[in-house]
Amino acid sequence: MAAVVAAAFSANALTHYYVQVNKTDGSEERFWFYDMPVAQLEDDNLKMTVVMTQEAVLYPLTEVNNLTMGYVDLGVEGVGGDFTGLSFTITNETLKMTGAAAGCEVTLYDMAGALRARVAADAAGTLSLPIGHLDKGVYLVKAGKNSFKFIR
């Protein structure tokens, strides 16, 4: 499976980003970043890199069920943070999302900017989007205020 996920969130000095690894044994591990993280599959590992510093963390892919990406605003108005996070699972055939608001619009664009799909999350905030028919390349997914890229 060849996929790269780059999380894009609004940024400020008091925003801390996270990538939560939801493990196959049902446990979870959260990695915190002071800068926007990029998560990608590299060989048999999940590699999470900080954009500005290029510092990286490797995690065995065999232990990863899916990822949840999000941020916490630690500013005065954001005390307590916003721990809502979307969870995405990408395989060669399907992009699955959980944790969205009901009806959240999700759009998929290719790198030429062409809209390839537009779907809405169901009442439970989930969706399953077939991607097996897409050509190899880089794609942008927008879900509410969040966006990420993946390579198919």
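Residues numbered from 1 in each chain as written. Predicted model: local features only at pLDDT ≥ 70, side-chain atom pairs only at ≥ 80, totals over all residues. Heavy atoms only, no water.

K.L.:
Could you give an account of the overall build of the protein, naming the residues involved and the relevant values?
P.N.:
Scanning the protein for helices and strands turns up 0 helices and 14 strands. Each helix and strand of the protein, placed in order from N terminus to C terminus, yields the pattern β-β-β-β-β-β-β-β-β-β-β-β-β-β. Here the protein, with 152 residues, has 41% of them falling under the buried criterion. Expressed as a percentage of contacts within the protein between residues at least 6 apart in sequence, the contacts between residues at least 24 apart total 49%. (Helix = DSSP H or I, 4+ residues; strand = E, 2+ residues; numbered from the N terminus. Buried < 20%, exposed > 50% of the residue type's maximum accessible area, 1.4 Å probe, protein only. Contact = heavy atoms within 4.5 Å.)

K.L.:
Please provide a residue-by-residue account of the pairing of strand E5 (residues 45-50), values included.
P.N.:
Sheet topology places strand E4 (residues 37-42) next to E5; 6 bridges connect them, and they run antiparallel. Across the sheet, Val38 pairs through a bridge with Thr49, a residue of E5. (Pairing = 2+ DSSP bridges.)

K.L.:
Pulling in residues and values, what's your account of the environment of Pro37?
P.N.:
Residue position: Pro37 is located in strand E4. Owing to a relative accessible area of 2%, Pro37 belongs among the buried residues under this scheme. Sequence separation between Pro37 and Val50 is 13 residues, and the spatial gap between their C-alpha atoms is 4.7 Å.

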